[in-house]
Amino acid sequence: VKEQRQRQREVMQFYATHQGKEQRREWDINNPKQLKNDPLPRVEGVPCPTSSLQEFAGEDPDLKNRKKAQAHQNNTWNKQQISEKNLKLQREKQVEALGYDRSEQVTHKAWQIEKSIAARKAESCKATAEFNRKLAEQNKRQSLAAKDWDTQCS
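Computed from a predicted model, the values in this text were never measured in an experiment. Along each chain, the written sequence defines residue order, and numbers are assigned to residues from 1. In view of the model being predicted, local features appear only for residues whose pLDDT reaches at least 70, and side-chain atom pairs are presented and counted only at 80 or more, with totals across whole chains, interfaces and linings using the full set of residues. Hydrogens and waters are ignored; side-chain quantities use all the structure's heavy atoms.

### Side note on the overall build of the protein
Looking only at helices and strands, one finds 4 helices and 0 strands in the protein. Element order for the protein, N to C, with α for helix and β for strand: α-α-α-α. Surface accessibility in these figures is a Shrake-Rupley result with a 1.4 Å probe; residues are shielded only by whichever protein chains are displayed. Element-wise, carbon and sulfur atoms account for 55% of the exposed surface of the protein, whose accessible area totals about 15400 Å². A run of H or I in DSSP counts as a helix once it spans at least four residues, and a run of E counts as a strand once it spans at least two, with each numbered from the N terminus.

Next comes the structure, spelled out in structure tokens:
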């Protein structure tokens, strides 16, 4: 039994090393990657079978170069969009900074106006108080003078 198993292992090892799929006589028919590995019939030096077509509608013979050009164009467009976006953000920041400066200027001007109005109001109140004080003094003098005259007359 051991000898039989040993012979079977040797046979299986021989099949695996010397009789793989690639070495069978039908391999060219059964090879799933045959079409990928074969060169195109329209390439120089490759014989063209009679039944094969040379070009198909929609086939792009310059696919690699076109894809490379498209990738380059996409990169260029992306860089352009990035630079435009950065420029837009920079402009928005400048406008915002100008708006902030303008807002500060307006606030400062309003504060100055309020300050001057308050100063004028205080000045007016002071002048009114002075006028009222002088008027009260004058009325007091007149009433004293009137009393003195009444006392002198009576």
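### Topic: the confidence of the model for the protein
Predicted confidence across the protein gives a mean pLDDT of 87, with 88% of residues reaching 70 or more. The pLDDT score gives, residue by residue, the confidence of the prediction method on a 0 to 100 scale. Confidence, read as mean pLDDT per element, is least for helix H3 (residues 34-37) in the protein (77) and greatest for helix H4 (residues 63-153) (93).

### Details of a nonpolar patch on the surface
Patch membership needs two things, relative accessible area over 30% and no salt bridge, and members are linked within 9 Å if like-charged or within 5 Å if nonpolar (Val, Leu, Ile, Met, Phe, Trp, Tyr). Criterion for a salt bridge: a side-chain nitrogen of Lys or Arg within 4 Å of a carboxyl oxygen of Asp or Glu. A surface patch of nonpolar side chains, about 400 Å² in accessible area, is lined by Val11, Met12, Phe14 and Tyr15. By the secondary structure assignment, Phe14 is in helix H1 (residues 2-18). When its relative accessible area of 43% is taken as the criterion, Phe14 is described as partly exposed. Three exposure classes are used, based on accessible area relative to the maximum for each residue type with a 1.4 Å probe and protein chains only: buried under 20%, partly exposed in between, and exposed over 50%.

### Digging into the pattern of salt bridges
Where side chains of opposite charge bring their charged atoms close, a pairing between them can arise. Applying the stated criterion to the full structure yields 4 salt bridges. Across the pair Arg141 and Glu137 runs a salt bridge, and its minimum N-O distance is 3.9 Å. Here Arg141 pairs with Glu137, and both are found in helix H4, just 4 residues apart, close to one helical turn. Judged by relative accessible area, Arg141 falls into the exposed class, the value being 54%. By sharing partners, the salt bridges in this structure join Glu130, Arg133, Glu137 and Arg141 into a single network.

### Brief notes about the side chain of Asn31
Note that Asn31 resides in the loop between helix H2 (27-30) and H3. A relative accessible area of 19% means that Asn31 is categorised as buried. In this structure the side chain of Asn31 is engaged in a polar contact, spanning 3.0 Å, whose partner is the backbone nitrogen of Lys33. Distance and chemistry together define a polar contact, namely a pair of N or O atoms within 3.5 Å, with one atom able to donate a hydrogen and the other to accept it when in protein, and with adjacent residues in sequence counting only for side-chain atoms on both sides.

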